[in-house]
Amino acid sequence: MQARLVNEPFGDPGLYLDLLFGRRAVLFDLGDLGPLSPRELLRVTDVFVSHRHMDHFVGFDRLLRLRLNRPGVIRMVGPPGLVGGIRAKLDAYAWNLLGEGSPDLTVLAAEFADDRLGPWTAFRARDAFRPSPAGDAGLEPGLVLAEDDLQVEAATLDHGLPCLAFALQERARVNVRVDGLERLGLAVGPWLNAAKSAVRRGAPDDLAVDTGGGPPMRLGDLRAAAFQVAPGQRLAYVTDAAMTPANAAAIRRLARDAHHLFIEAVFLGEDEAIARDRLHHTAARAGELAREAGARRITVFHHSPRYLDRPDLLRAEAEAAFRGGVGP
Ligand SMILES: [Zn+2]
């Protein structure tokens, strides 16, 4: 997967993540989407909105404008108020020309609260974007997306209002070594899918595996001889959070062992009083949290315009804190 900030670090926050070699993408936050091409926006299947401050939500219109005349589904997850916010945006336009013959675009929206994703609300173009209930998400606590290959976790942070942070976790990748299978006297077949998925979900070594007509095998033996397991990537997106102990704990949890943490660095450590007043993080604190979480790489964004004349300072402060604990 390939992740990049939508804007430069002084611009609106947002992260674009290409999955499956560009056939699909997910977006974290909907600020200014100007730098994304129509092609890129057409690939977006899922949008994770941290909160509805304008710099994180104004891009909804551009996404909708591009997708309006094409069938498809856009799933949107955000904090309480998201569904009402989408409804208000859709209500701003006249949709009298939409009807049963219109391209079948659906926006599905659900809110994350009390550690759970609530029910989906559908806004269908063919229904002039009137909201209708669209079923329960049915996800485990803490999850906002769960698929075969990846899941997205969420945590609620305090930014004077509930603000969501996210972590995308790829599941372990299991590759089959055909030479290993041959040594075990096993043939390639559909039975491998069940065995691979057992490895991905961490099933015990002594699990008996049906090998599709071959001799039954212990999962542990099969894994050792014929599977190559690569751990999945973990990527975290954290923005707009006050520097409170509860937020720090939640951020460390989400960013634990992340391959890449994208985190806000709005003010310099020397301006910590302002950061506390505005409910944001300093660059130094962002770097410290990344280090404490065991993240391998950090990218900072959401810089305050007050540092425009010293554009590299926030990144440098965050990097220094990340590497060596040079905090304020
Ligand atoms: Zn913001």
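My aim in this report is to walk through the structure given alongside it, one point at a time.

Each value, and the rule that gives it
- Residues numbered from 1 in each chain as written.
- Predicted model: local features only at pLDDT ≥ 70, side-chain atom pairs only at ≥ 80, totals over all residues.
- Heavy atoms only, no water.
- Helix = DSSP H or I, 4+ residues; strand = E, 2+ residues; numbered from the N terminus.
- Buried < 20%, exposed > 50% of the residue type's maximum accessible area, 1.4 Å probe, protein only.
- Contact = heavy atoms within 4.5 Å.
- Areas by Shrake-Rupley, 256 points an atom, 1.4 Å probe, with all protein chains shown as cover.
- Lys, Arg positive; Asp, Glu negative; His and termini not counted.
- Charge placed at Lys NZ, Arg CZ, Asp CG, Glu CD.
- Donors = N, O, S within 2.8 Å, 3.2 Å for Na, K, Ca; no water.
- Tetrahedral: all angles 85-135°; square planar, octahedral: opposite > 155°, others 65-115°.
- Phe/Tyr/Trp six-rings, centres within 6.5 Å; stacked < 30°, edge-to-face > 60°.
- Salt bridge = Lys/Arg side-chain N within 4 Å of Asp/Glu carboxyl O.
- Axes fitted to C-alpha atoms, helices over the stretch in contact; angles between N-to-C directions.
- Left-handed = near helix turned anticlockwise from the far one by under 90°.
- Nonpolar A, V, L, I, M, F, W, Y, C, P; charged D, E, K, R; others polar.

1. So, the overall build of the protein chain
Here's step 1: Helix and strand content of the protein chain: 10 helices and 19 strands.
Here's step 2: Considering only C-alpha atoms, the protein chain reaches an extent of 65 × 60 × 35 Å along its principal axes.
Here's step 3: For the protein chain, the proportion of its 328 residues judged to be buried stands at 51%.
Here's step 4: The long-range fraction of contacts in the protein chain, counting pairs at least 24 apart against all pairs at least 6 apart in sequence, stands at 63%.
Here's step 5: Accessible surface for the protein chain amounts to roughly 15100 Å². Of this, 51% is attributable to carbon and sulfur atoms.
Here's step 6: One finds the centroid of the 40 positive side-chain charges in the protein chain at a distance of 4 Å from the centroid of its 43 negative side-chain charges.

2. Description of the coordination of the zinc ion
Here's step 1: Protein coordination at the zinc ion comes from D55 (OD), H56 (NE2), D240 (OD) and H302 (NE2), with a distance range of 2.2 to 2.6 Å.
Here's step 2: Considering all 4 donor atoms around the zinc ion, angles at the metal cover 84 to 169 degrees and the coordination shape is irregular.
Here's step 3: In terms of primary sequence, the donors binding the zinc ion are separated according to D-H-x183-D-x61-H. Within this pair, whereas D55 is found in the loop between strand 4 (44–48) and helix 2 (60–67), its partner D240 is found in the loop between strand 17 (234–238) and helix 7 (245–254), the two being separated by 185 residues in sequence.
Here's step 4: When its relative accessible area of 2% is taken as the criterion, D240 is described as buried.

3. A closer look at the packing of aromatic side chains
Here's step 1: Using the criterion set out here, one finds 8 aromatic pairs in the structure.
Here's step 2: Geometrically, the ring pair formed by W95 and F129 is edge-to-face, given 4.7 Å between the ring centres and 65 degrees between the ring planes. Linking W95 in the loop between helix 3 (82–91) and strand 6 (105–113) with F129 in the loop between strand 8 (121–124) and strand 9 (131–133), this pair joins segments that are 34 residues apart in sequence. Take W95 and F129: they sit in the same class, and that class is buried.
Here's step 3: The structure contains a cluster of three or more aromatic residues connected by ring pairs, namely F28, F48, F166, Y237 and F301.

4. Overview of the pattern of salt bridges
It is possible for side chains of opposite charge to pair when their charged atoms get near one another.
Here's step 1: Summed over all chains, the structure comprises 22 salt bridges.
Here's step 2: R126 serves as the salt-bridge partner of D104, at 3.9 Å between the closest nitrogen and oxygen. Within this pair, whereas D104 is found in the loop between helix 3 and strand 6, its partner R126 is found in the loop between strand 8 and strand 9, the two being separated by 22 residues in sequence.
Here's step 3: The network of salt bridges with shared partners includes R24, D46, R75 and E147.

5. Looking at unusual backbone geometry
Here's step 1: Even without being a glycine, D29 presents a positive backbone phi close to 75 degrees.
Here's step 2: For D29, the position within the fold is in the loop between strand 3 (24–28) and helix 1 (38–42).
Here's step 3: One non-glycine residue, H302, lies in the positive phi region at around 60 degrees.
Here's step 4: Relative to the helices and strands, H302 resides in the loop between strand 19 (298–301) and helix 10 (313–324).
Here's step 5: Residue class for H302 comes out buried when judged on its relative accessible area of 11%.

6. Observations concerning the packing of helix 9 (residues 283–293) against helix 10
Here's step 1: Closest axis-to-axis distance for the helix 9/helix 10 pair is 7 Å, and the angle between their directions is 35 degrees. Two packed elements cross with a definite hand, and for helix 9 against helix 10 that hand is right-handed. Of the residues in helix 10, those touching helix 9 at A283, A284, G287, E288, A290 and R291 are L314, E317, A318, A321, F322, R323 and G324.
Here's step 2: Across the contact of helix 9 with helix 10, the residue classes break down as 7 nonpolar, 2 polar and 4 charged.

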